[in-house]
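So you can see what is in the structure, the chains are spelled out below.
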Amino acid sequence: MMAGAVVEIVRSAGGCAVIDGGFATQLEALGADINDPLWSAACLITKPHLIKEVHMQYLEAGADVIISSSYQATIPGFLARGILLEDAEGLLRTSVELALEARDEFWKSTLRKSKPVYNRALVAASIGSYGAYLADGSEYSGSYGEDITIEKLKDFHRRRLQVLASAGPDLIAFEAIPNKMEAQALVELLEEEDIQVPSWICFSSVDGKNLCSGESFADCLQILNASDKVAIVGVNCTPPQFIESIIRELKKQTKKAIAVYPNSGEVWDGRAKRWLPVQCFGHKSFDVLAKRWQEAGASFIGGCCRTTPSTIRAVSKILKGKMAYSATQI
Ligand code: MET
């Protein structure tokens, strides 16, 4: 069962809601330095106004769901920075508050216009994987080593989940989960803590067939299907050319709503130290693919790393059959 607000946003978006695009990518485009163990979450300390600005840009581009800046914001990460526990928890709350403020301000300004082209967006509180916190590559291998257990993963996620859930988001977005053990830990944690905010759990894949760890979507979906706390399942941070077949696989494995928000398709050339342009999926642009993902059964579509507000504007236009007008154009 999907929670009411989730059903409503999908309905008012015309059957498919638009998620925002690469958050860290856009922060960098606005001049933020995110070369930091906290990655984009470093801006919670140094440049909170840029965080709100990125949210505003995605709202204006037509996002029905914006994702908070907490992907790599963790309590141990903040403590390692010399930040006090109380302040670390405050920064987590701030990530949700900045997104709520942006949503509310944008919605207020939309209501003043005569032609309603936007929906009141939902705010999803981002939670990255344990591997994202380790920042040792395990975010994309799913290999957490011999010593890690479900209990340890639950303890890692517990307090951040409690704090973010109590800050008033509409959704919790577990992003780029690379292995089955972490999926199990998250489902158990949502039940144990009796989290009332509906969640999505999105996996990442490097080959389009399995999770990063090599474990199957089928095995992981079985775990997620057992919990009503998980309203939406899907994939993010995965190359776009794999998405259509992953949706078809997920459709076979679950009745839950499906969210997909892949990377742009650009590939990092380590030798030349630059991003190579998208060229791998038969001249189909991201927005044209998004239409196919909708037809394949996705209810939430957006972008992850290297996608921008202009990607989301195009996706919004193609999925809703209308341009999400910028405030100045109306
Ligand atoms: C590596 S996945 C990152 C997800 C995060 N919401 C971002 O776009 O920055």
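Residues numbered from 1 in each chain as written. Predicted model: local features only at pLDDT ≥ 70, side-chain atom pairs only at ≥ 80, totals over all residues.

A word on the UniProt feature "binding site: Zn(2+)" (unreviewed entry) in the protein chain. UniProt's entry tags Cys 237, Cys 304 and Cys 305 with the feature "binding site: Zn(2+)" (unreviewed entry), counted in the numbering of this structure. In three dimensions, the annotated residues from a span of 69 residues occupy one location, with a maximal C-alpha spread of 6.4 Å. Counting through the fold element by element, Cys 237 comes out in the loop between β6 (230–236) and α11 (243–253). Setting aside chain neighbours within four positions, we find Cys 237 in contact with Ala 176, Ser 204, Asn 263, Cys 304 and Cys 305. Look at Cys 305 and you get partly exposed, because 19 C-beta atoms sit within 10 Å. (UniProt positions renumbered as here; feature names shortened; annotations may be inferred. Helix = DSSP H or I, 4+ residues; strand = E, 2+ residues; numbered from the N terminus. Contact = placed C-beta atoms within 7 Å. Buried ≥ 20, exposed ≤ 12 C-beta atoms within 10 Å, placed from the backbone.)

Further remarks concern the packing of helix α4 (residues 48–61) against helix α6 (residues 85–111). For any two helices packed against each other, one specifies the inter-axial angle together with the distance between the axes. α6 packs onto α4 with a crossing angle of 45 degrees between their chain directions and a minimal axis gap of 9 Å. One way to sum up the angle between α4 and α6 is to call them oblique. Relative to α6, α4 is oriented so that their crossing is right-handed. Contacts from Pro 48, Ile 51, Lys 52, His 55, Met 56 and Leu 59 of α4 reach α6 at Thr 94, Leu 98, Ala 99, Glu 101, Ala 102, Arg 103 and Phe 106. Its residues placed into classes, the contact of α4 with α6 shows eight nonpolar, two polar and three charged. (Axes fitted to C-alpha atoms, helices over the stretch in contact; angles between N-to-C directions. Parallel < 35°, antiparallel > 145°, perpendicular 65-115°, else oblique. Left-handed = near helix turned anticlockwise from the far one by under 90°. Nonpolar A, V, L, I, M, F, W, Y, C, P; charged D, E, K, R; others polar.)

In this structure, Ala 176 takes a positive phi of about 50 degrees despite not being glycine. Mapped onto the fold, Ala 176 is located in strand β4 (residues 171–177). One non-glycine residue, Cys 237, lies in the positive phi region at around 50 degrees. Here Cys 237 falls in the buried class, since 25 other C-beta atoms lie within 10 Å of it.

Neighbouring residues of the ligand: Gly 22, Phe 23, Ala 24, Ser 40, Ile 67, Tyr 71, Ser 126, Glu 175, Ala 176, Cys 237, Cys 304 and Cys 305. Looking at the shell around the ligand, the elements with two or more residues in it are α2 (23–29) and β4. (Near = placed C-beta within 6 Å.)

The subject of this paragraph is the pairing of β6. Taken across its seven residues, β6 has seven buried, putting it largely inside the fold. Alignment of strand β5 (residues 199–203) against β6, held across five bridges, turns out to be parallel. For Ile 201, the partnering residue across the bridge sits in β6 and is Val 233. One ladder, built from five bridges, connects β6 with strand β7 (residues 257–261); its direction is parallel. (Pairing = 2+ DSSP bridges.)

So, on to the nonpolar core. Grouped together as the largest cluster of nonpolar side chains are 108 residues, with contacts concentrated most on Ala 259 and Ile 301. Among the elements that take part in this core, α6 stands out by supplying eight residues, more than any other. In this structure, Ala 259 is in contact with Ile 19, Trp 200, Cys 202, Ile 232, Gly 234, Ala 298 and Phe 300, ignoring residues within four places of it in sequence. (Core = buried A, V, L, I, M, F, W, Y, C linked by C-beta atoms within 7 Å.)

With that out of the way, let us pick up the environment of Ala 290. Here Ala 290 lies in helix α12 (residues 286–296). Taking the C-alpha atoms as reference points, Ala 290 and Pro 262, separated by 28 residues in sequence, lie 9.9 Å from one another.

Per-residue confidence for the protein chain gives a mean pLDDT of 93, with 95% of residues at or over 70. For residues 325–330, every residue scores under 50 in pLDDT, and the model assigns this stretch seven contacts once sequence neighbours within four places are set aside. Among the scores for the predicted complex, ipTM is 0.97 and pTM is 0.95. (pLDDT = per-residue confidence, 0-100.)

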